[in-house]
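Per-entry structural report
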Amino acid sequence: MGHYAAVWDHKAATEMTKDWNGIDQVFLRNPHGASAKISLHGGHVVSWRNDQGEELLFTSNKAIFKHPKSMRGGIQICYPQFGDCGLLDQHGFARNKIWVIDENPPPLNSKESLGKSFVDLLLKPSEEDLKQWPHSFEFRLRVSLAIDGDLTLTSRVRNVNGKPFSFLFAYHTYLSVSDISEVRVEGLETLDYLDNLRKRELLTEQGDSITFESEMDRTYIRSPKVVAVLDHERKRTYVIGKEGLPDTVVWNPWEKKSKTMANFGDDEYKSMLCVDGAAVERPITLKPGEEWTGRLMLTAVKSSFCFDQLELQSKGF
């Protein structure tokens, strides 16, 4: 691994392509065959595959990916609003805008690029955006794929406005699972959560782990930095690490709501689960010139693999 890290050229591992609408996409790969694909439409991660070529993110078979609407699936950037908690469209406007490649981004920690293939994207508000949300900002997003196939998204929002502003944020992450009834989430036990199906009523998690038997839409507040999603049938565990993101949103629409959703199959709820690193219970406020950083780190491993504290530390969790 050290040898690869020393010689791996991230630019050689990055390829520009276009989707069927002619919008640019960035294709990242690593030496072992893992890959990720990021669209400049929304800074949207539309694919993440392991070294066996297996797709790890869910995308609806009925998804329509045509500007300015977002595609249902992958990893969406929800900014400056999450859900319908505000005056903007659902999940804010960042996921519907065309981003540009940032050729000269401000430096990140050296670990963010060592041995990784990555791309840096940039979003600034248009005049239309400023009419809806009158705050000037620079939003930088780095998506990186590591030698071991881990996927990391690092968002940096800087206030270039003359006054403070506040925003909500989430990495709306659609994970591909075999059967939602056979999946459980660990790491959120005993935590308080806002039940979005009960007008954000504050409740406390009672289970030893989270399992799914009906629609779920919860915001776990002050959640730990690491959460695990165990898929028994596929013998796969997703480990979701986060920094700068105090909340974790867990969502599955289940059968009844699925039938009412646009661009989503009636039975597709069975093969997806959203677990989002988020900052939605309390807004993030930036003074003029201040910058906020929020990071999401995704790992997919065999369920027999056991993460101890040293392993987590070695992965940056």
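Here the structure is a predicted model, which means the values were calculated and not measured. (Residues numbered from 1 in each chain as written. Predicted model: local features only at pLDDT ≥ 70, side-chain atom pairs only at ≥ 80, totals over all residues. Heavy atoms only, no water.)

**Topic: the pairing of strand β2 (residues 24–29)**
The line we're drawing: Here, a strand pair is defined by DSSP locating no fewer than two bridges between the strands. For helices the rule is a DSSP run of H or I covering at least 4 residues; for strands it is a run of E covering at least 2, with both sets numbered from the N terminus onward.
Sheet analysis places strand β1 (residues 14–18) next to β2, joined by five bridges and oriented antiparallel. Its bridge partner lying in β2, Thr 17 is registered against Gln 25. Counted between consecutive antiparallel strands, the loop separating β1 from β2 contains five residues, among which Gly 22 sits at a positive phi close to 85 degrees. Bridge count between β2 and strand β3 (residues 35–39): five bridges; the pairing is antiparallel. Directly across from Phe 27, in β3, lies its bridge partner Lys 37.

**A word on the packing of aromatic side chains**
Formally: For Phe, Tyr and Trp, where Trp contributes only its six-membered ring, two rings pair if their centres lie within 6.5 Å, and the inter-plane angle classes them as stacked under 30 degrees, edge-to-face over 60, or tilted in between. Relative accessible area decides the class of each residue, using a 1.4 Å probe on protein chains only: under 20% of the type maximum gives buried, over 50% gives exposed, and in between gives partly exposed.
Within the structure shown, the criterion is met by 20 aromatic pairs. When the centroid spacing of 5.1 Å and the interplanar angle of 85 degrees are considered together, the rings of Tyr 79 and Phe 139 count as edge-to-face. Of the two residues, Tyr 79 sits in the loop between β5 (75–78) and β6 (100–101) while Phe 139 sits in strand β8 (residues 137–145), which places them 60 residues apart along the sequence. Residue classification places Tyr 79 among the buried residues on the basis of a relative accessible area of 0%. Residues Trp 133 and Phe 165 carry aromatic rings whose centres are separated by 5.2 Å and whose planes lie at 70 degrees to one another, so their mutual orientation is edge-to-face.

**Here we look at the pattern of salt bridges**
Put simply, the test is: Put simply, a salt bridge is a Lys or Arg side-chain nitrogen that is within 4 Å of an Asp or Glu carboxyl oxygen.
Within the structure shown, the criterion is met by 15 salt bridges. The closest approach of N and O atoms between Arg 198 and Asp 195, which form a salt bridge, is 3.8 Å. The shortest N-O distance in the salt bridge between Glu 281 and Arg 282 comes to 3.8 Å. For Glu 281, a relative accessible area of 26% translates into the label partly exposed. Residue classification places Arg 282 among the exposed positions, given a relative accessible area of 59%. A network of salt bridges, in which partner residues are shared, links Asp 102, Lys 124, Glu 138 and Arg 140.

**Digging into the UniProt feature "binding site: substrate" (unreviewed entry) in the protein**
Here is the rule we go by: UniProt positions are given in the numbering used here, feature names are shortened, and annotations may be inferred rather than shown by experiment. Throughout this description, a polar contact denotes any pair of N or O atoms lying within 3.5 Å of each other; where both atoms belong to protein, one of them has to be capable of donating a hydrogen while the other can accept it, and for residues adjacent in sequence the pair is counted only when both atoms sit in side chains. The contact criterion used is simple: two residues touch if any of their non-hydrogen atoms lie within 4.5 Å.
When the UniProt feature table is mapped to this numbering, "binding site: substrate" (unreviewed entry) covers Arg 72, Gln 90 and Arg 95. The greatest C-alpha distance among the residues just named is 12.6 Å, despite their covering 24 residues of sequence, which places them together in space. Note on placement: Arg 72 falls in the loop between β4 (44–49) and β5. In this structure the side chain of Arg 72 is engaged in a polar contact, spanning 3.4 Å, whose partner is the side chain of Tyr 174. By the element assignment, Arg 95 lies in the loop between β5 and β6. Setting aside residues up to four positions removed in sequence, Arg 95 forms contacts with His 41, Gly 42, Ser 70, Gln 76, Ile 77 and Gln 90. Reaching out from Arg 95, the side chain makes a polar contact with the side chain of Gln 76 at a distance of 2.5 Å.

**Re unusual backbone geometry**
Cis rather than trans, the peptide bond between Tyr 79 and Pro 80 has omega equal to 0 degrees. Structurally, the position occupied by Pro 80 is in the loop between β5 and β6. Residues other than glycine seldom take positive phi values, yet Arg 222 does so here, at roughly 50 degrees. If you trace the backbone, Arg 222 turns up in the loop between β14 (216–220) and β15 (226–231). The class of Arg 222 is exposed, set by a relative accessible area of 52%. Look at Asn 263: it is not a glycine, yet its phi comes out positive at around 60 degrees. Here Asn 263 shows up in the loop between α3 (254–258) and β18 (272–286).

**Concerning the sheet that holds β6**
Strands sit in the order β6-β7-β8-β9-β19-β16-β15-β11 across an open sheet of eight strands; the sheet is antiparallel. In this open sheet, the two edge strands, each paired with only one partner strand, are β6 and β11 (183–186).

**Details of the side chain of Ser 47**
For Ser 47, the location among the structural elements is in strand β4. There is a polar contact of 2.6 Å between the side chain of Ser 47 and the side chain of Glu 55. Not counting residues within four places of it along the chain, the set of residues in contact with Ser 47 comprises Ser 35, Ala 36, Lys 37, Glu 55 and Leu 57.

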